[in-house]
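A structural walkthrough
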Amino acid sequence: MPSLDAHASLPLSVAQVRLLLQVVLPQPVLDVPAVLTLISYQQRHNYAAYCSHRKRLLAHLQGLRW
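Some thoughts on the overall build of the protein
When helices and strands are counted, the protein shows two helices and zero strands. Relative to its full complement of 66 residues, the protein shows a buried share of 0%. For the protein, the exposed surface amounts to about 6,800 Å²; the carbon and sulfur share of it is 65%.

A few points about a nonpolar patch on the surface
A surface patch of nonpolar side chains, about 830 Å² in accessible area, is lined by Leu10, Leu12, Val17, Leu19, Leu20, Leu21, Val23, Val24 and Leu25. Structurally, Leu20 is set in helix 1 (residues 14–24).

So, helix 2 (residues 32–63)
Here helix 2 contains 32 residues, and its C-alpha end-to-end distance of 47 Å stays within 8% of the 46 Å for a straight helix at 1.5 Å per residue. For helix 2, the N-terminal cap is Asp31; the gap from its side-chain oxygen to the backbone nitrogen of Ala34 is 3.1 Å.

What counts, and where the lines are drawn
Residues numbered from 1 in each chain as written. Predicted model: local features only at pLDDT ≥ 70, side-chain atom pairs only at ≥ 80, totals over all residues. Heavy atoms only, no water. Helix = DSSP H or I, 4+ residues; strand = E, 2+ residues; numbered from the N terminus. Buried < 20%, exposed > 50% of the residue type's maximum accessible area, 1.4 Å probe, protein only. Areas by Shrake-Rupley, 256 points an atom, 1.4 Å probe, with all protein chains shown as cover. Patch = residues over 30% accessible without salt bridge, like charges linked within 9 Å, V, L, I, M, F, W, Y side chains within 5 Å. Salt bridge = Lys/Arg side-chain N within 4 Å of Asp/Glu carboxyl O. Expected span 1.5 Å × (residues − 1). Polar contact = N/O pair within 3.5 Å; in protein donor to acceptor, adjacent residues only side chain to side chain.

Note that every value here comes from positions in space, so none of it alone points to a role or purpose.
As structure tokens, then:
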């Protein structure tokens, strides 16, 4: 394995950085309750974003005169 100089600049791609982080950082252990909690959070987050974008779009469309 080549040694890495702390001051050396490595031009890494996003895929390479993701691979490096997967090896270096501990991976969480996901069980069924944890996955269901994560899915619930993602759905709430996505719905809030949908409502926000829809509100902005409707406000924009109200400003248009047909």
